[in-house]
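Each chain is listed here by its residues.
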Amino acid sequence: MAPSAIIDSVESAPKYVDGAVITNVDKHGDNPVVIRLSDEELHSGKTKPETIQELLKYYHRDGFVVLENAIPEALVDRLYNRMIQDNVEYLKKKHMHWNQGADTGNVSQIPPLEPDWLDRDFYANPHMIRLCENLLGPKPELRFINSNVSCPGGTARQAVHSDVHHAWPEIPAWGLVMNIYLQDSGPENGVTEVWCGTHTAYRQKEQQATVDRGWIKKEYLQKQAKVKPPVQPKVRKGAICFRDLRLWHAGMPNKSDKHRIMLAIDYFAQWYQCPMTTKLPLSMKEKIEREWEGISTAGVEWIDGEINSLDVPFYLNMTQDPELYLLQTERGFQDHKGRQTGQYKFDTGTKVTDQNYWTPEVEQTA
Ligand SMILES: O=C(O)CCC(=O)C(=O)O
Ligand SMILES: [Fe+2]
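Computed from a prediction, not measured in an experiment: that's the story for all the values here. (Residues numbered from 1 in each chain as written. Chains lettered and ligands numbered in written order. Predicted model: local features only at pLDDT ≥ 70, side-chain atom pairs only at ≥ 80, totals over all residues. Heavy atoms only, no water.)

**Concerning the coordination of the iron ion (ligand 2)**
Test applied: The donor set comprises N, O and S atoms within 2.8 Å of the metal, extended to 3.2 Å for Na, K and Ca; water molecules are omitted, so apparent gaps in a site may simply reflect that omission. Helical segments are the DSSP runs of H or I of at least four residues, strand segments are the runs of E of at least two, and each set is numbered from the N terminus. To sort residues, take the accessible area from a 1.4 Å probe on protein chains only and compare it with the maximum for the residue type: under 20% means buried, over 50% means exposed, and anything in between is partly exposed.
Surrounding the iron ion (ligand 2) are the protein donor atoms H161 (NE2), D163 (OD) and H249 (NE2), at 2.1 to 2.2 Å. Mapped onto the polypeptide sequence, the residues donating to the iron ion (ligand 2) form the spacing pattern H-x1-D-x85-H. On the criterion of sequence distance, the pair formed by D163 in the loop between strand 7 (141-150) and strand 8 (175-181) and H249 in strand 13 (residues 249-250) is long-range, its members being 86 residues apart. Look at H249 and you get buried, because its relative accessible area is 4%.

Structure representation (structure tokens):
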């Protein structure tokens, strides 16, 4: 046997302490934890059980974990270049909407949905699905495909918020978002601020500043920062950030001269019966249902003909109630209240102030 084979087999022999496997996974950091797939995992599409174990451990602990080396870089670059071209078009659309005000420079832009752009490596990445099915149960449902583009020139940060503000079930996992970064990111180009551990720290009604949105009360921000402070982590190009939908986070201004793009892909547990749907071309149905292994397409609306993703209105409903959807229109965002009053006030008017993010307290000296 060649010496390298001997070393490999010795290295990969599992070791145990008190009946538990000592996991041998490439990882770094603690707030948040970043796990790096081996090249063998990347190329084979097979995630090692120990990698799953670590991902599950930190996902449950923090509501946020990063997985590097899950997507071939050439695919990531290709999509980034297409999406920055799309952004020029998208910003001209009447229905486009800056998330939390124009100063943030943050827009939700649906990635291209033409067949040639629908790579499984993004939307049903085998490593991503393996974690989803272990969290959510069999055949997790794909129900949201979008992205957040933080455009250069943004000057304002978002309020710290949870993307869900309904009476979510008190069950460890029922839905999650996977953010895939299409470029190396950090504080300089507006990587998302995340608050590890906040997915289960407080009750929904208790933490929310108001009933109809997920912004967090100042007193809770100040209190929680002492438990674990918020961070803007460094995230590598092509990394997948798994985020519990309840987690506190905030979009941050992009101070660089290049767009910061992160895909946002949501999967839900079947039992949750999420009413949201996402559009994909009918011409891809057979291929997707054959090749995107392990997922349910019950939440896909198959569209006959070409889809111009820039003309698809933003549509969101992460609750269990079909009536509570949010829909992008040329008159603004229509939510449940807007449908009743005819006035589309969602995400308008309220300014983000220092009441909406953490401000470090100056130590009192005696
Ligand atoms: O783009 C980001 O970093 C986060 C944006 C966000 O959280 C939102 O718009 O809800
Ligand atoms: Fe958000």
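**Looking at the sheet that holds strand 14 (residues 260-268)**
Quick reminder of the rule: Strands were regarded as paired on the criterion that DSSP finds at least two bridges between them. Inter-axis angles, ranging from 0 to 180 degrees, are taken between N-to-C directions of lines fitted to C-alpha atoms, where helices are fitted over the stretch in contact. Residue contacts follow a heavy-atom distance rule, with two residues in contact if any of their heavy atoms lie within 4.5 Å.
Spatially, 8 strands are ordered 3-4-5-12-8-14-7-6 in an open sheet, and the strand pairing comes out mixed. Two strands close off the open sheet at either side, each with one partner strand: strand 3 (26-28) and strand 6 (106-108). Along the sheet, successive strands turn relative to each other by an average axial angle of 25°, direction set aside. Alignment of strand 8 against strand 14, held across 7 bridges, turns out to be antiparallel. Each bridged residue has a counterpart across the sheet, and for Y181 the counterpart in strand 14 is M262. Sheet strands touched by helix 4 (residues 73-90): strand 6, strand 7, strand 8 and strand 14. Its angle to strand 14, the strand with the most contacts, is close to 100°.

**A short note on helix 6 (residues 126-136)**
Quick reminder of the rule: Within 3.5 Å is the distance limit for a polar contact, defined as a pair of N or O atoms, with the added protein rule that one can donate a hydrogen and the other accept it, and that residues adjacent in sequence qualify only through two side-chain atoms.
Of all the 11 residues making up helix 6, 8 are buried; the element is thus mostly covered by neighbouring parts of the structure. Buried within helix 6 we find P126, H127, M128, I129, L131, C132, L135 and L136. By the N-cap criterion, in which a side-chain oxygen at the helix start approaches the backbone nitrogen of a residue two or three places on, helix 6 is capped by N125, the distance to H127 being 2.9 Å. Just downstream of helix 6 lies G137, where phi reads positive at about 95°.

**Regarding the site of ligand 1**
To keep it simple, the criterion reads: Near, as used in this document, describes a residue that has one of its heavy atoms within 4 Å of the molecule or strand being considered. The Shrake-Rupley method, run with a 1.4 Å probe, gives the accessible areas here. Residue values count only the displayed protein chains as cover. Think of it as three bins: nonpolar holds Ala, Val, Leu, Ile, Met, Phe, Trp, Tyr, Cys and Pro, charged holds Asp, Glu, Lys and Arg, and polar takes everything else, Gly as well.
Near ligand 1 the following residues occur: N99, N106, N148, Q158, H161, D163, T192, H249, G251, R260 and M262. Note that an oxygen atom of ligand 1 is positioned 2.9 Å from one of the side-chain N or O atoms of H249. Here R260 contributes a side-chain N or O atom positioned 2.8 Å from an oxygen atom of ligand 1. In the complex, the protein chains occlude 90% of the 290 Å² of accessible area that ligand 1 would expose alone. Its residues assigned to classes, the shell around ligand 1 shows 1 nonpolar, 8 polar and 2 charged.

**Topic: the nonpolar core**
What counts, and what does not: Only buried residues count toward a nonpolar core. Its members are Ala, Val, Leu, Ile, Met, Phe, Trp, Tyr and Cys residues joined through side-chain atoms within 4.5 Å.
In terms of nonpolar packing, the biggest core is built from 76 residues, with F122, L182, F242, Y267 and L280 touching the most fellow members. With 12 residues, the next largest nonpolar core counts V34, F64, V191 and C196 among its residues.

**Details of the side chain of R260**
Note the following rule: Counting rule applied: Lys, Arg positive; Asp, Glu negative; His and chain ends not counted. In the sections that follow, a salt bridge refers to a side-chain nitrogen of Lys or Arg positioned within 4 Å of a carboxyl oxygen of Asp or Glu.
Of note, R260 is situated in strand 14. Buried charge R260 goes without a salt bridge, the closest partner of opposite sign being E188 at 10 Å. Engagement of the side chain of R260 in a polar contact is seen with the backbone oxygen of N148, the distance being 3.0 Å. Leave out the neighbours within four places in its chain, and R260 touches N106, N148, V149, S150, Y181, Q183, S185, N189, G190, V191, T192 and N254.

**Thoughts on the pairing of strand 15 (residues 278-281)**
Quick note on the threshold: Clockwise travel from the first strand over the helix to the second, with the strands pointing away from the viewer, marks a crossover as right-handed.
Here strand 15 runs beside strand 16 (residues 300-303); their pairing, made up of 4 bridges, is parallel. Among the inter-strand pairings, P281 is bridged to a residue of strand 16, identified as I303. Considered for its hand, the β-α-β crossover made up of strand 15, helix 9 (residues 285-291) and strand 16 is right-handed.

**Some details on the packing of aromatic side chains**
Stated precisely, the cut-off is as follows: Centres within 6.5 Å are what make two rings of Phe, Tyr or Trp a pair, Trp counting through its six-membered ring; a difference in plane orientation under 30 degrees is then read as stacked, over 60 as edge-to-face, and the rest as tilted. Lysine NZ or arginine CZ positioned within 6 Å of the ring centre and within 35 degrees of the ring normal marks a charge as sitting over the ring.
Enumeration over the complete set of coordinates arrives at 12 aromatic pairs. An angle of 55° between the planes, with centres 6.0 Å apart, marks the rings of F122 and Y123 as tilted. Neither residue differs from the other here; F122 and Y123 are each classed as buried. With 5.7 Å between their ring centres and 15° between their planes, F268 and Y272 make a pair best called stacked. For the pair F268 and Y272, a shared accessibility class is recorded, and that class is buried. An aromatic cluster is built from F144, F314, F333 and F346, whose rings are joined through pairwise contacts. Note that R82 overlies the ring of W117, its terminal NZ or CZ placed 5.3 Å from the centroid. Here R339 stacks its cationic end above the ring of Y325, 3.6 Å away from the centre of that ring.

**Observations concerning helix 3 (residues 49-62)**
Under the convention used in this document: Given the number of residues in a helix, its expected span is that number minus one, multiplied by 1.5 Å.
Helix length check: helix 3, at 14 residues, gives a terminal C-alpha distance of 20 Å against a target of 20 Å (1.5 Å per residue), a fit within 8%. Those residues of helix 3 that sit buried are E50, T51, I52, E54, L55, L56, Y58, Y59 and D62. Positioned one or two residues after helix 3, G63 has a phi angle of 70°, which is positive.

**Quick word on the pattern of salt bridges**
This model, assessed by the stated rule, comprises 26 salt bridges. Here D62 ties to K228 by a salt bridge, and the two come within 3.5 Å at their closest N and O atoms. Of this pair, D62 sits in helix 3 while K228 is found in the loop between helix 8 (218-227) and strand 12 (240-244), placing the two residues 166 residues apart along the sequence. Among the residues examined, D62 registers a relative accessible area of 1% and is labelled buried.

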